[in-house]
Amino acid sequence: MFDLGPRKPTTREIADRVKQGGSAALTEAERRADQARYQEVICRSALNRVQGMPFNWTLNPYRGCTHGCHYCFARRYHVQFELNTDDEFASVILVKRNFVDVLARQLDRPAWTRENIAFGTATDPYQPIEGHYKLTRGSIEALARARTPIGLITKGPMVVRDADVLQDLSRAAGCTIYMSVPTVDEEAWRILEPGTAHPLQRLRAVRQLVDAGINAGVLMAPIVPGFSSSRQKLERTVKAIADHGARFAGCNVMYLQDGTRTHFMKFMEREFPAMVPRYEKLYAKKYPPDAYRKEVQAMVKTLQDRYGLNPREHKEKTEAGLQEPEQVGFAWK
Ligand code: SF4
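Presented here is an overview of the structure given in this document. (Residues numbered from 1 in each chain as written. Predicted model: local features only at pLDDT ≥ 70, side-chain atom pairs only at ≥ 80, totals over all residues. Heavy atoms only, no water.)

### Details of the overall build of the chain
Step number 1: Secondary structure summary: the chain contains 13 helices and 11 strands in total.
Step number 2: Here the C-alpha radius of gyration of the chain, 20 Å, is about what a compact globule of 333 residues would show, namely 20 Å.
Step number 3: Dimensions of the chain along its principal axes, counting C-alpha atoms only, are 65 × 50 × 35 Å.
Step number 4: When each of the 333 residues of the chain is scored for burial, the buried share is 55%.
Step number 5: For the chain, restricting intrachain contacts to residue pairs at least 6 apart in sequence, the fraction spanning at least 24 positions comes to 78%.
Step number 6: Total accessible area computed for the chain in this model is approximately 15500 Å², and 49% of it derives from carbon and sulfur atoms.
Step number 7: Taking the average location of the 49 positive side-chain charges in the chain and that of its 39 negative ones, the two points are 2 Å from each other. (Helix = DSSP H or I, 4+ residues; strand = E, 2+ residues; numbered from the N terminus. Rg over C-alpha atoms; globule rule 2.2 N^0.38 Å. Buried < 20%, exposed > 50% of the residue type's maximum accessible area, 1.4 Å probe, protein only. Contact = heavy atoms within 4.5 Å. Areas by Shrake-Rupley, 256 points an atom, 1.4 Å probe, with all protein chains shown as cover. Lys, Arg positive; Asp, Glu negative; His and termini not counted. Charge placed at Lys NZ, Arg CZ, Asp CG, Glu CD.)

Here it is, written out as structure tokens:
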């Protein structure tokens, strides 16, 4: 009676197609104005169990990300679909069409214990296509109904659109928004994060969320050596974060692993060949040496103290009757 259209492929079927014919085999993928292709898929599970992280569950309604940050640790996950970690990570996006329904069913199970969920670990849940599909919004509504707390990371100011449902979730279970703003330096932003909103636009979104009573702060992650690591750039960034009323700030130095490493080093060789020898030395392993990381972290800590973003000051404010803040040691990188 009703034409439901052809069944959407699963992510495994997509991987098989790409394996045989490259991304050109995705003939149903819709090309939109941003020149990215969007392939709808169906998922069997929305909740993803992880191990060895400070959280046990993740949620990612999309795979791939048109923000296209060159350092993105999620690039390496694209190879699971036989897609490459370079152009295809930012231009072939998998959209899990049935994500909200599947999530709602999983959250409804009596066995679900309402553990905290990390939202957006392998994609940005507020990349532009969310304006069309609203899978992130639908998920937050389902999470509020199921009284399940989340921490959500994004670079997308579109998160402000969902302040109403984030308020519902905050009341029902708890919710923290981690806005990723590695630096406010315009040159580093243009070079490293080509598809993202301006850093100050992201900070204005933090201000709006905090004003709406949502626990929102900033992750300066990743700090990229030679691009955003100078004391002067760190200070400008920490000051801007404080000026925009963020309730916390965390930081982390870039790490390079697997496909992300391959992509980033190719990018450096193409755009900044003179920096490559220093990078090869600094990144002989996945992380730069401890001494370097500690130096950067100590610098940020000093600046956090200076601009009132340290945990003790927040505690004093809390004891003075203000809302309880949260200092983040966000360790998923
Ligand atoms: S916004 Fe996040 S998920 Fe998207 S490319 Fe940048 S780092 Fe990766």
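### Examining the environment of Leu152
Step number 1: Relative to the elements of secondary structure, Leu152 occurs in strand 8 (residues 150-154).
Step number 2: Put simply, Leu152 and Leu200 are 48 residues apart on the chain and 19 Å apart in space, counted from C-alpha to C-alpha.
Step number 3: Not counting the four nearest positions on each side in its chain, Leu152 is found in contact with Phe119, Pro125, Tyr126, Thr136, Ile140, Thr176, Ile177 and Tyr178.

### Description of the pattern of salt bridges
Step number 1: Evaluated as defined, the whole model comprises 18 salt bridges.
Step number 2: Arg137 is the salt-bridge partner of Glu141, the closest N and O atoms lying 3.7 Å from each other. Taken together, the residues Glu141 and Arg137, both in helix 5 (residues 135-145) and 4 residues apart, mark about one turn of the helix.
Step number 3: Relative accessible area serves as the criterion here: at 31%, Glu141 is assigned to the partly exposed category.
Step number 4: Judged by relative accessible area, which is 17%, Arg137 ranks as buried. (Salt bridge = Lys/Arg side-chain N within 4 Å of Asp/Glu carboxyl O.)

### Side note on the nonpolar core
Step number 1: In this structure, Leu59, Leu143, Ile177, Phe264 and Tyr279 are the most contacted members of the largest nonpolar core, which totals 81 residues.
Step number 2: Look past the residues within four positions of Leu143 in its chain and what remains in contact with it is Leu59, Leu103, Leu107, Ile117, Phe119, Thr148, Ile150 and Leu169.
Step number 3: Listed in part, the 9 residues of the second largest apolar core include Val18, Val41, Val92 and Leu94. (Core = buried A, V, L, I, M, F, W, Y, C linked by side-chain atoms within 4.5 Å.)

### Things to note about the layout of surface pockets
Step number 1: Here the largest pocket defines a volume of roughly 490 Å³.
Step number 2: Around the largest pocket sit 24 residues that line it, and Asn48, Asn60, Arg63, Gln80 and Lys96 are the ones nearest its centre.
Step number 3: Each residue belonging to the lining of the largest pocket can be placed in one class, and the counts come to 12 nonpolar, 8 polar and 4 charged. (1 Å grid on protein atoms, 1.4 Å probe; cavity = no way out; pocket = protein on both sides within 12 Å on 5 of 7 lines; lining within 4 Å. Points joined across faces, edges and corners; volume = space filled by probe spheres on them. Nonpolar A, V, L, I, M, F, W, Y, C, P; charged D, E, K, R; others polar.)

### Topic: helix 5
Step number 1: In terms of residue burial, helix 5 counts as a mostly covered element, since 9 of its 11 residues are buried.
Step number 2: Those residues of helix 5 that fall on the buried side of the exposure criterion are Leu135, Thr136, Arg137, Gly138, Ser139, Ile140, Ala142, Leu143 and Ala144.
Step number 3: In the stretch just after helix 5, Arg147 is the one whose phi turns positive, near 50°.

### Details of the side chain of His67
Step number 1: Inspection of the secondary structure assignment puts His67 in the loop between strand 5 (62-63) and helix 2 (87-91).
Step number 2: Classification of His67 as buried rests on a relative accessible area of 4%.
Step number 3: Not counting residues within four places of it along the chain, the set of residues in contact with His67 comprises Asp124, Tyr126, Gln127, Pro128, Lys155, Gly156, Glu193, Pro194, Gly195 and Thr196.

Everything listed here is a matter of coordinates, which is why it stays silent on function.
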